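Working through the structure, step by step
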Amino acid sequence: MATAPQLGGVRVTRPPPVVEVVETPSTPFDPKAAKRKDAQTTAVIEYAQRVKDWPLLEQTVEAKIEEQAEFVEWWGKTVQRPGGDRKSGDHSRRSALMIAEDAESLTGITHQQVSKR
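A short tour of the structure in this document, coming up. Quick caveat, the model's predicted, so the values are computed rather than measured. (Residues numbered from 1 in each chain as written. Predicted model: local features only at pLDDT ≥ 70, side-chain atom pairs only at ≥ 80, totals over all residues. Heavy atoms only, no water.)

**Topic: the pattern of salt bridges**
Oppositely charged side chains may form a pair once their charged atoms are brought near each other. Evaluation of the coordinates by the stated rule reveals two salt bridges. For Asp-38, the salt bridge goes to Lys-64, with nearest N and O atoms at 3.1 Å. On the criterion of sequence distance, the pair formed by Asp-38 in helix α1 (residues 34-51) and Lys-64 in helix α2 (residues 54-78) is long-range, its members being 26 residues apart. Of the residues examined, Lys-64 reaches a relative accessible area of 14% and is grouped as buried. We note a salt bridge from Lys-77 to Glu-73, for which the minimum N-O separation is 2.9 Å. Pair noted here: Lys-77 and Glu-73 are both in helix α2, with a separation of four residues, about one helical turn. What makes Glu-73 partly exposed here is its relative accessible area of 44%. (Salt bridge = Lys/Arg side-chain N within 4 Å of Asp/Glu carboxyl O. Helix = DSSP H or I, 4+ residues; strand = E, 2+ residues; numbered from the N terminus. Buried < 20%, exposed > 50% of the residue type's maximum accessible area, 1.4 Å probe, protein only.)

**Observations concerning empty space enclosed by the protein**
Enumeration over the complete set of coordinates arrives at one cavity of 30 Å³ or more. Estimates place the volume of the largest cavity at around 100 Å³. Surrounding the largest cavity, 10 residues form its lining, Ala-34, Asp-38, Glu-67, Gln-68 and Phe-71 being those nearest its centre. Counting residues per element, the ones that place at least two in the lining of the largest cavity are α1 and α2. Broken down by element, the lining of the largest cavity gets its largest block of residues, four residues, from α2. Grouping the amino acids of the lining of the largest cavity by side-chain chemistry returns four nonpolar, one polar and five charged. (1 Å grid on protein atoms, 1.4 Å probe; cavity = no way out; pocket = protein on both sides within 12 Å on 5 of 7 lines; lining within 4 Å. Points joined across faces, edges and corners; volume = space filled by probe spheres on them. Nonpolar A, V, L, I, M, F, W, Y, C, P; charged D, E, K, R; others polar.)

All we've got here are geometric facts, nothing functional implied.
Written as structure tokens, this is what we have:
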């Protein structure tokens, strides 16, 4: 337990803060929130490493991997590769797919970052 300074011969103690990753019911993927969620899980990972909370670290790393996999799956289904959709030969902007520039603006994550994940 963390301790506060002694006050008049009385030691005041406080429990350490509790950080818990809570699994939420499956919700539709929100590309706008992807970068924010990634930053949040990174912060919790850094915190867990600093305080040596290994169960929290393990749980958060697993959550981050799931979030990244979800993002890459969304990107693959939604974003047209630069130069058009080579599989179908559709090189027009009329395709149902979003162009990479629009996806990058929406998510704050570049095509190069997705390729590295």
